[in-house]
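Observations on chain architecture
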Amino acid sequence: MTPVPPVLLLGAGRMGSALFAGWCAAGLEPSVLVDPSMPSGLARPGDRVVASLDDVPAGFVPGAVVLAIKPQVAPGVLPALSARLPDGAPVVSILAGLTIARLQALLPRAGAIVRAMPNTPAAIGQGMTVAFAGADTTPAQRALCHRLLAAGGALAWVEDEALIDPITAVSGCGPAYVFLLAELMEQEGLALGIPAPLSRLLARQTVAGAGALLAASPEDSAELRRAVTSPNGVTERALAELMRQDAWPASVRAALQAATARSRELAR
Ligand SMILES: NC(=O)c1ccc[n+]([C@@H]2O[C@H](COP(=O)([O-])OP(=O)(O)OC[C@H]3O[C@@H](n4cnc5c(N)ncnc54)[C@H](OP(=O)(O)O)[C@@H]3O)[C@@H](O)[C@H]2O)c1
């Protein structure tokens, strides 16, 4: 396995640590994580975890810099990073709503910037990441970013940055919709008299099993749904409720539109 060049990771919270775990599995060279909460559990021997950019060892030259801080803190943090960016190292940002143009304004010394939108299943190598490369990205820089981002699961590149907003609404936020479904199924199972531990198991295993079947199946999701819906059967009765007056399609449409609008709002 060719080693993955060292990374400077800014922000080792939920997403940053998920990505870092994937890079380690892919053969990441000793790297530096910057996070004020100093999460020590992630680091391997040879890695450094520091509280601020001021503590990054002077001789450390990363192959790539990855931004996984909250968008709100970026204006206060990125200008200080800009002065320290090593020549040639691409910057990968997973910050929701921050466009390449905005990142360039905050990081005037940056050359290549890649904007990416991962999701939390990256923590177990089952993520979905979509990436967009800024104009100054060379094929070699793009290939390195590809390697880093693909470590968390599936990766797709888009050539239109504007797509990142609806993509955020679908796959970036998507795990939350699925977890909400599991949460509601568990609650309603309980309300129907199923004992709590069993209701929890039923909801979790059903969501996980259906996801695994979808992933393993060549058929599309509508086909799989039809396969469990016998005419005049129990599932059909339930689906009639979900689709009554377009209930589910309308609420999914409204949710994705609201999330897309919020992502655009964050970019302003
Ligand atoms: N979570 C998702 O599903 C998801 C999906 C796609 C993209 N994203 C993007 O990923 C980014 C991180 O989200 P998250 O959910 O991982 O948030 P998070 O868990 O809060 O992680 C952010 C981390 O950054 C640290 N931090 C704060 N100030 C810092 C600084 N000056 N230098 C270095 N680190 C600093 C925070 O430490 P403290 O807690 O001590 O402040 C925290 O550990 C966001 O921009 C978000 O838009 C998230």
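What this report covers is the structure whose coordinates are included nearby. (Residues numbered from 1 in each chain as written. Predicted model: local features only at pLDDT ≥ 70, side-chain atom pairs only at ≥ 80, totals over all residues. Heavy atoms only, no water.)

Focus on the sheet that holds strand 8 (residues 153-157)
- Strand order in the open sheet formed by 8 strands is 3-2-1-4-5-6-7-8, and the pairing between neighbours is mixed. The open sheet is flanked by strand 3 (48-50) and strand 8, the only strands paired with a single partner. Here the strands of the sheet are splayed against their neighbours by 20 degrees on average, with no regard to which way each runs.
- Bridging between strand 6 (residues 113-117) and strand 7 (residues 127-133) involves 4 bridges; their strand directions are antiparallel. By the bridge assignment for strand 7, V114 is matched with A133.
- Against the sheet, helix 4 (residues 139-150) contacts strand 1 (7-10), strand 4 (64-67), strand 5 (91-93), strand 6, strand 7 and strand 8, and its axis sits at roughly 145 degrees relative to strand 8. (Pairing = 2+ DSSP bridges. Helix = DSSP H or I, 4+ residues; strand = E, 2+ residues; numbered from the N terminus. Axes fitted to C-alpha atoms, helices over the stretch in contact; angles between N-to-C directions. Contact = heavy atoms within 4.5 Å.)

A few points about unusual backbone geometry
- Of note, N232 is a non-glycine position whose phi angle comes to about 60 degrees, a positive value.
- Counting through the fold element by element, N232 comes out in the loop between helix 8 (221-227) and helix 9 (234-242).
- Taking the relative accessible area as the measure of exposure, N232 reaches 65% and is therefore exposed.
- Positive phi, close to 50 degrees, is recorded for Q245, a residue that is not glycine.
- Structurally, Q245 is set in the loop between helix 9 and helix 10 (247-266).
- A residue is classified by how much of its surface remains accessible, and Q245, at 75% relative accessible area, is exposed. (Buried < 20%, exposed > 50% of the residue type's maximum accessible area, 1.4 Å probe, protein only.)

Side note on the packing of aromatic side chains
- Counted by the stated rule, this structure contains 1 aromatic pair.
- Geometrically, the ring pair formed by F20 and W23 is edge-to-face, given 6.2 Å between the ring centres and 75 degrees between the ring planes. Here F20 pairs with W23, and both are found in helix 1 (residues 14-25), just 3 residues apart, close to one helical turn. (Phe/Tyr/Trp six-rings, centres within 6.5 Å; stacked < 30°, edge-to-face > 60°.)

Looking at the environment of P3
- By the element assignment, P3 lies in the segment before strand 1.
- Relative accessible area serves as the criterion here: at 43%, P3 is assigned to the partly exposed category.
- Residues P3 and S251, spaced 248 residues apart in sequence, show a C-alpha to C-alpha distance of 45 Å.
- Contact partners of P3, with chain neighbours within four places excluded, come to G27, E29 and R147.

Observations concerning helix 4
- Here helix 4 contains 12 residues, and its C-alpha end-to-end distance of 16 Å stays within 8% of the 16 Å for a straight helix at 1.5 Å per residue.
- Buried residues of helix 4: Q141, L144, C145, L148 and L149, and no others. Seen end-on, helix 4 carries its buried residues on one side only, within an arc spanning 130 degrees. Exposed side of helix 4, more than 90 degrees from the buried face: P139 and A140 are the residues found there. (Expected span 1.5 Å × (residues − 1). Arc of directions from axis to C-beta.)

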